[in-house]
Amino acid sequence: DAALDPWYKVYDGKEGKKMASATLDWSQCPAVESIPGKRSGAWVFRGTRTPVSVVFENLQDMSVDELIDEYGVTREQVQAVLQFAAHSTEAEVPHP
């Protein structure tokens, strides 16, 4: 039931498909790292202090070029993070 399950969403027009974005295994993405003591262990772009979350928080309002200029990351890093997230959503989480 959608009212009882906060992960119950509609993606790509398929009702009931779940996306576990909160549980992405970022350790599998080579463009990012998590180091205790660096940004409280948050996932950041490798070699920077820029959290991965800035891409998802700003992509609606900023172009990739603007993200690169504003946050000091590379196009390859942004593309790797977006591709990783996109491919991670392909694995559906079973809906009970």
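These numbers come from a predicted model, not from an experiment. (Residues numbered from 1 in each chain as written. Predicted model: local features only at pLDDT ≥ 70, side-chain atom pairs only at ≥ 80, totals over all residues. Heavy atoms only, no water.)

Details of the overall build of the protein chain
Here is step 1: Across its full length, the protein chain carries three helices and four strands.
Here is step 2: In sequence order, the protein chain lays out its α and β elements as β-β-β-β-α-α-α.
Here is step 3: Counting the 96 residues in the protein chain, one finds 31% classified as buried.
Here is step 4: In the protein chain, 36% of the contacts between residues at least 6 apart in sequence involve partners at least 24 apart. (Helix = DSSP H or I, 4+ residues; strand = E, 2+ residues; numbered from the N terminus. Buried < 20%, exposed > 50% of the residue type's maximum accessible area, 1.4 Å probe, protein only. Contact = heavy atoms within 4.5 Å.)

Things to note about the pattern of salt bridges
Here is step 1: Scanning the model with the defined rule gives three salt bridges in all.
Here is step 2: Across the salt bridge formed by E33 and K38, the nearest N and O atoms sit 3.0 Å from each other.
Here is step 3: Look at E33 and you get buried, because its relative accessible area is 12%.
Here is step 4: E33 is the partner of R46 in a salt bridge, and the nearest nitrogen-oxygen pair spans 3.3 Å. With R46 in the loop between β4 (44-45) and α1 (53-58) and E33 in strand β3 (residues 32-33), this pair connects stretches of sequence that are 13 residues apart. (Salt bridge = Lys/Arg side-chain N within 4 Å of Asp/Glu carboxyl O.)

Considerations on the side chain of T48
Here is step 1: Inspection of the secondary structure puts T48 in the loop between β4 and α1.
Here is step 2: In contact with T48, other than residues within four places in its own chain, are E33, K38 and G72.

Here's the deal with the confidence of the model for the protein chain
Here is step 1: With 69% of its residues at a pLDDT of at least 70, the protein chain reaches an overall mean of 77.
Here is step 2: In the model of the protein chain, strand β1 (residues 8-11) stands out as the element of lowest mean pLDDT, 38, in contrast to helix α2 (residues 64-71), which has the highest, 95.
Here is step 3: Across residues 1-22 the pLDDT falls below 50, and counting only partners more than four positions away or on other chains, this stretch makes 30 contacts in the model. (pLDDT = per-residue confidence, 0-100.)

Observations concerning the packing of aromatic side chains
Here is step 1: All told, the structure shown has two aromatic pairs when counted by the stated rule.
Here is step 2: With 6.3 Å between their ring centres and 50 degrees between their planes, W26 and F56 make a pair best called tilted. Here W26, found in the loop between β2 (14-18) and β3, pairs with F56, found in helix α1; they are 30 residues apart in sequence, far enough to count as distant.
Here is step 3: With 4.9 Å between their ring centres and 40 degrees between their planes, W26 and F84 make a pair best called tilted. Of this pair, W26 sits in the loop between β2 and β3 while F84 sits in helix α3 (residues 75-88), and the two are 58 residues apart along the sequence.
Here is step 4: A relative accessible area of 11% places W26 in the buried class.
Here is step 5: Aromatic rings pair up to connect W26, F56 and F84 into one cluster. (Phe/Tyr/Trp six-rings, centres within 6.5 Å; stacked < 30°, edge-to-face > 60°.)

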